[in-house]
Amino acid sequence: MTLRLGDIAPDFTQQSTQGEIAFHAWTGDSWAILYSHPRDFTPVCTTELGYTAKLADAFAQRNVKVLAVSVDDLESHQRWVGDINETQNTTVNFPILADSDRKVADLYDMIHPNANTTLTVRSVFIIDPAKKIRATITYPASTGRNFEEILRVIDSLQLTDGYSVATPVNWEDGDDVIIVPSLQDPEELKKRFPKGYTTIKPYLRITPQPNR
Ligand code: BEZ
């Protein structure tokens, strides 16, 4: 199934290292990251999962729950988590789905047969509290993902939802942002952006990051 931005993230129930997860109920009112790992006991995945564990506070501050997927079974995951904790000097504190029947991998189209017929690629789905898919990122198995970029995308999405702004090229937290073109009423602009804004072109208006 092709999943597109704005689609409702498919619901599922699957076993995990923290018990059975009914996905929509588990996410509740949180944002969620669902991300796949080609398989257990692989080096790049080991570093990614360790780094994710170290970002627990950063995800919690953003009201994001993290859920990993790998197409191996629970017993394998549990042994692998021991290796991750040992080698990455951390404690894996989020669930890993035991997707040996590929229920979730197939539902989210995480196996790209022309890349590999059995292993998942590195998919990331960023899902909002309304269960909508807001961003997807796909990397090959050989390239570890940049989790600072994942946090940056979440920050951008949450700013858009909260303040009707978009983020420009290479934006980082604290940089100026762009007022969405649909906002045109001068009174509303004054109210929403009390720090003021600069009009470079009618469609390109810059304002300080509203929540800083
Ligand atoms: C890894 O996670 O290290 C990996 C997995 C599949 C292919 C290449 C690397």
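Summary of the structure given here. (Residues numbered from 1 in each chain as written. Predicted model: local features only at pLDDT ≥ 70, side-chain atom pairs only at ≥ 80, totals over all residues. Heavy atoms only, no water.)

Quick look at the overall build of the chain now. Of regular secondary structure, the chain possesses seven helices and 11 strands. Here the chain, with 212 residues, has 46% of them falling under the buried criterion. Put simply, of all contacts in the chain between residues at least 6 apart along the chain, 65% involve residues at least 24 apart. Here the chain displays about 10,600 Å² of accessible surface, and carbon together with sulfur accounts for 50% of that area. (Helix = DSSP H or I, 4+ residues; strand = E, 2+ residues; numbered from the N terminus. Buried < 20%, exposed > 50% of the residue type's maximum accessible area, 1.4 Å probe, protein only. Contact = heavy atoms within 4.5 Å. Areas by Shrake-Rupley, 256 points an atom, 1.4 Å probe, with all protein chains shown as cover.)

The environment of the ligand is formed by Pro38, Thr42, Pro43, Val44, Cys45, Arg122 and Ala141. The contact in question runs from an oxygen atom of the ligand to an N or O atom on the backbone of Pro43, over 3.1 Å. At 3.1 Å, a backbone N or O of Cys45 approaches an oxygen atom of the ligand. Relative to its unbound accessible area of 260 Å², the ligand is 75% covered by the protein chains. (Near = heavy atom within 4 Å. Polar contact = N/O pair within 3.5 Å; in protein donor to acceptor, adjacent residues only side chain to side chain.)

Following the criterion strictly, the structure yields 11 salt bridges and no others. Residues Arg122 and Glu48 are paired through a salt bridge, measuring 3.0 Å at the closest nitrogen-oxygen approach. Taken as a pair, Arg122 in strand β6 (residues 122–127) and Glu48 in helix α2 (residues 43–54) lie far apart in primary sequence, 74 residues in all. Among the salt bridges present, the one from Glu149 reaches Arg152, with a minimum N-O distance of 2.6 Å. On the criterion of helical spacing, the pair formed by Glu149 and Arg152 is a turn pair, its members being three residues apart in helix α6 (residues 147–163). Accessibility expressed as a relative area gives 27% for Glu149, which makes it partly exposed. A single salt-bridge network, built from bridges that share partners, covers Glu48, Arg122 and Arg145. (Salt bridge = Lys/Arg side-chain N within 4 Å of Asp/Glu carboxyl O.)

Taken residue by residue, a regular strand's side chains alternate between the two faces of the sheet. Relative to strand β11 (residues 204–207), strand β9 (residues 177–179) is paired through two bridges, and the arrangement is antiparallel. Bridge pairing in β11 places Val177 opposite Thr207. For strand β10 (residues 198–201) and β11, the ladder comprises three bridges, and the chain directions are antiparallel. Bridging across to β11, Lys201 finds its partner in Leu204. Counting the residues between successive antiparallel strands, the hairpin from β10 to β11 contains two residues. (Pairing = 2+ DSSP bridges.)

Turning our eyes to something else, we now look at the nonpolar core. Counting 28 residues, the largest nonpolar core has Ile33, Tyr35, Leu49, Phe59, Phe94, Ile126 and Ile150 as the members making the most contacts within it. For this core, the secondary structure elements donating two or more residues are β3 (31–37), α2, α3 (56–61), β4 (64–70), α4 (74–88), β6, β7 (133–139) and α6. It is α6 that contributes the most residues to this core, six residues altogether. Non-local contacts of Tyr35, meaning those with residues more than four positions away in its chain, are made with Glu48, Leu49, Thr52, Val66, Leu67, Ala68, Val69, Phe94, Ser123, Val124, Arg145 and Phe147. Formed by 20 residues, the second largest nonpolar core is a distinct cluster that contains Phe12, Phe23, Leu67 and Phe125. (Core = buried A, V, L, I, M, F, W, Y, C linked by side-chain atoms within 4.5 Å.)

A few words on a negative patch on the surface. Taken together, the side chains of Glu148, Glu172, Asp175 and Asp176 define an acidic patch exposed on the protein surface. Relative to the elements of secondary structure, Asp176 occurs in the loop between β8 (165–166) and β9. (Patch = residues over 30% accessible without salt bridge, like charges linked within 9 Å, V, L, I, M, F, W, Y side chains within 5 Å. Lys, Arg positive; Asp, Glu negative; His and termini not counted. Charge placed at Lys NZ, Arg CZ, Asp CG, Glu CD.)

Over its 17 residues, α6 runs 24 Å from end to end, which matches the ideal 24 Å to within 8%, given 1.5 Å per residue. Listed as buried for α6 are Phe147, Ile150, Leu151, Val153, Ile154, Asp155, Ser156, Leu157 and Leu159. A distance of 2.9 Å separates the backbone nitrogen of Glu148 from a side-chain oxygen at the start of α6, and that oxygen is part of Asn146. Ser164 sits one or two positions beyond α6 and adopts a positive phi of about 55°. (Expected span 1.5 Å × (residues − 1).)

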